[in-house]
Amino acid sequence: MAAFEDDLLGLLPRLRRFARALARDAADADDLCQVTVEKALLARAQWQAGTRMDSWMYRIMRNSWIDTTRARSRAAQTFVAEAAGLGVGSDGGGEARVALGEIDRAMQALPDEQREAVALVLVEGLAYKEAAAVLDIPMGTLTSRLVRGRQALMAHLGEAA
Amino acid sequence: MTVDPELLMAYADGELDPLSAKRVERAIAQDPALAAQVERHRELRARIAGRFAPVAAEEVPDRLAALIRAAPVALPVRRPIATRWREAIAMAACLVIGVSVGLGWDRGPVTTQGGWLYAAGPLATALDTQLASAAGAVRVPVSFKDQAGRYCRVFSAAAIDGIACHDATGWALRQTRNGATGATTEYRQAGSSDAALMADAQALMAGDPLDATAERTARAGGWR
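Rules used in this analysis
- Residues numbered from 1 in each chain as written.
- Chains lettered and ligands numbered in written order.
- Predicted model: local features only at pLDDT ≥ 70, side-chain atom pairs only at ≥ 80, totals over all residues.
- Helix = DSSP H or I, 4+ residues; strand = E, 2+ residues; numbered from the N terminus.
- Contact = placed C-beta atoms within 7 Å.
- UniProt positions renumbered as here; feature names shortened; annotations may be inferred.
- Core = buried A, V, L, I, M, F, W, Y, C linked by C-beta atoms within 7 Å.
- Buried ≥ 20, exposed ≤ 12 C-beta atoms within 10 Å, placed from the backbone.
- Nonpolar A, V, L, I, M, F, W, Y, C, P; charged D, E, K, R; others polar.

> Quick rundown of the overall build of chain B? Include the residues and the values.
When helices and strands are tallied, chain B shows 8 helices and 6 strands. Helices and strands in chain B line up, N terminus first, as α-α-α-α-α-β-β-α-β-β-β-β-α-α. Taking as baseline every contact in chain B between residues at least 6 positions apart, the subset at least 24 positions apart corresponds to 48%.

If you want it as structure tokens, here you go:
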């Protein structure tokens, strides 16, 4: 198998993690992964060997996610929204489970532009500069979105922290 | 000194240069509220990272990995004809020098007929009989018709990769390069030849590649 496919396979665990931080649940996250991989394979001629594949893949995933959420919000305006509170962490139990649900809900509550900044820096561990490059925004914009996102998360998770 | 929230966050994340970090540290030393804020940033970071870290440790679902393993090599966009001719001429020159030096005449997978290079031996057999779907020592991943209406096939074998087109004599080699299956040198990245070869095939191609049915029909008709 060629180096391109090998590198892509190696990135899958991180891409799945990033997807989970962006998407509203695990099933959506894996759908997002699939779409992202399909797009990357189609666009492989545009991939420049020697540049960072992780940044390239994060960008493809982030753009796919934005496309999906926009399409979904258009649909939501047309149709009656699904019943609210559809289960995050619906099975299992115990303190840990509840705590996980809490973080997920706090992430969901963030505006998209804050959530993607949080996902890249806090979840994926990218440096500010790298995250700004993936999102194609200036550093100052990234830090202001990131700080607002973090303040919102702190407020949400407040006492539990 | 006032420390704005962005600066404090950047300090907590270790994003500041040493000089700025020192200044923030001095401010923190005088203000317990700032110190507490830095601590909250770090706690939040650890909590969020900890929530998603197990996802990266999960086994990747088969359907995702299979998608990548099964991926055909995409055909890149066609390039202008002028470029193709220049490349074809350059390639032809390389071909004659490279094959004659590298393989010796009339040995291995290549033979000469009237000054042209043709596939021989197992390579010729594979080109004659093997369908794109088959695995083996020689792979023939793509078949197509060129602009002159000849059947052409992209092949990949131990010593040699290339494109061959069928004429009255046999499989004339249009392009060859060192094989992908054999030893690779550090100068040649795995996969780059595949993509380049597919690009060249795309340039020669009239219409689309043959599907499995068209390929069988062509084979049954002796590729004429």
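> Could you give me a rundown of the UniProt feature "domain: Putative zinc-finger" (unreviewed entry) in chain B, with the residues and numbers involved?
Taking the UniProt record as the reference, the feature "domain: Putative zinc-finger" (unreviewed entry) is found at residues 6–29 of chain B. Within the segment residues 6–29 of chain B, helix and strand shares are 79% and 0% respectively, and the terminal C-alpha atoms sit 18 Å apart.

> An account of the nonpolar core is needed here, citing residue identities and associated values.
All names here are of chain A. By size, the foremost hydrophobic cluster in this structure holds 50 residues, and its most contacted members are Phe-18, Ala-19, Met-61, Val-121 and Ala-131. With 8 residues, the single largest contributor to this core is helix α1 (residues 3–22). Filtering out sequence-adjacent residues up to four positions away, Ala-19 remains in contact with Ala-29, Leu-32, Cys-33 and Met-61.

> Tell me what's going on with the interface of chain B and chain A, and back it up with residues and numbers.
Counting from both sides, the interface comprises 32 residues of chain B and, opposite them, 39 residues of chain A. Breaking the side of chain B that touches chain A down by element, the ones donating at least two residues are α1 (5–12), α3 (32–57), α4 (62–69) and α7 (192–204) of chain B. Element by element, the count of residues in the side of chain B that touches chain A is highest for α3 of chain B, at 12 residues. Along the lines of polarity and charge, the residues of the side of chain B that touches chain A split into 20 nonpolar, 3 polar and 9 charged.

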